[in-house]
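# Residue-level structure breakdown
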Amino acid sequence: GSAPVGRSPTGRPPTSAARARERRLAELGVIATVVIWSANFVVAKAAVEALGPLTFTSLRYIVATATLFLLVRWRLGPVRPPRRVALTLIGLGMLGFGGYQLLWSIGLTQITAGDSALIVAVSPVLTVLLAGVVGMDRLTPPKVLGALIAFAGVAAGYLLAIVTGALTVYVGNW
């Protein structure tokens, strides 16, 4: 098993050097995630063009499923939810992840990787606002402020890319 949170494998509290090392490792993990996520749109666009949306989505789903099963088994040992729950989880996973990925892959055949990244970046903001409008969540001032800040960040990044010439906007894309 693993050590309890806040303890080293020996059971003693971690040293300041160990905490600093863990923090650096976590920060590197965040940077790696941002780099991988950023490259995702360009790589996925090329893969969809080469393989087609259905093949790309199927391969991505199979690799992700196998990876997650292996990670869960490694970290938690054998996990077997009740049959009724397992079938529900499989169905929801196929609908949520599989459906989303397939529709996103099809969308990539019609728009640029940059536009795809913009839509994905704005979707959490739109989700919060839509949930408030339809009454599924209460739009509090901090939530609205957070949505505005997030949208401003996306817009600033998009405008910076246009101004620096890293992104060309074509009227036909809108």
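Now for a description of the structure that goes with this document. Everything numeric here is computed off the predicted structure, so don't read it as measured data.

## So, the overall build of the protein
Along the backbone of the protein there are 5 helices and 0 strands. Across the protein, helices and strands are ordered from the amino to the carboxyl terminus as α-α-α-α-α. Residues classed as buried in the protein amount to 19% of the 174 residues present. A separation threshold of at least 6 residues defines the contact pool for the protein, and within that pool the share at least 24 residues apart is 61%.

## Looking at the packing of helix H1 (residues 16–51) against helix H4 (residues 113–133)
It is at 9 Å that the axes of H1 and H4 come closest, and there the two elements cross at 135°. Taken together, the axes of H1 and H4 lie oblique to each other. Handedness of the H1/H4 crossing: right-handed. Mapping the contact onto sequence places Trp37, Phe41, Val42 and Lys45 in H1 and Ala113, Ser116, Ala117 and Val120 in H4. A breakdown of the residues in the contact of H1 with H4 according to their chemical character gives 6 nonpolar, 1 polar and 1 charged.

## With respect to helix H2 (residues 53–76)
Its 24 residues place the ends of H2 34 Å apart at the C-alpha level, agreeing with the 34 Å of an ideal helix rising 1.5 Å per residue. Among the residues trailing H2, Gly77 stands out with phi positive, at a value near 85°.

Here is what the cut-offs are and how they apply
Sequence order sets the numbering: in each chain, residues are counted from 1 along the sequence as written. pLDDT decides what is reported in this predicted model: residues at 70 or higher carry local features, side-chain atom pairs at 80 or more are listed and counted, and totals for whole chains, interfaces and linings draw on all residues regardless. Only hydrogens and water are set aside when side-chain values are computed; all heavy atoms of the structure are taken into account. A helix here means a DSSP run of H or I that spans at least four residues, while a strand means a run of E at least two residues long, and both kinds are numbered starting from the N terminus. Only protein chains enter the area calculation, which uses a 1.4 Å probe; residues under 20% of their type maximum are buried, those over 50% are exposed, and those in between are partly exposed. Contacts were defined at the residue level, with two residues in contact if any of their heavy atoms lie within 4.5 Å. All axes are obtained by fitting lines to C-alpha atoms, using only the stretch in contact for helices, and the reported angles, taken between N-to-C directions, cover 0 to 180 degrees. Any angle that is under 35 degrees is reported as roughly parallel, and any over 145 degrees as roughly antiparallel; angles of 65 to 115 degrees are reported as roughly perpendicular and all others as oblique. In a left-handed crossing the near helix is turned counterclockwise from the far helix by less than a right angle, and in a right-handed crossing that turn is clockwise. By the convention adopted, Pro, Cys, Tyr, Trp, Phe, Met, Ile, Leu, Val and Ala count as nonpolar, Lys, Arg, Asp and Glu as charged, and the other residues, Gly among them, as polar. In a helix, the anticipated span is given by 1.5 Å times the number of residues less one.

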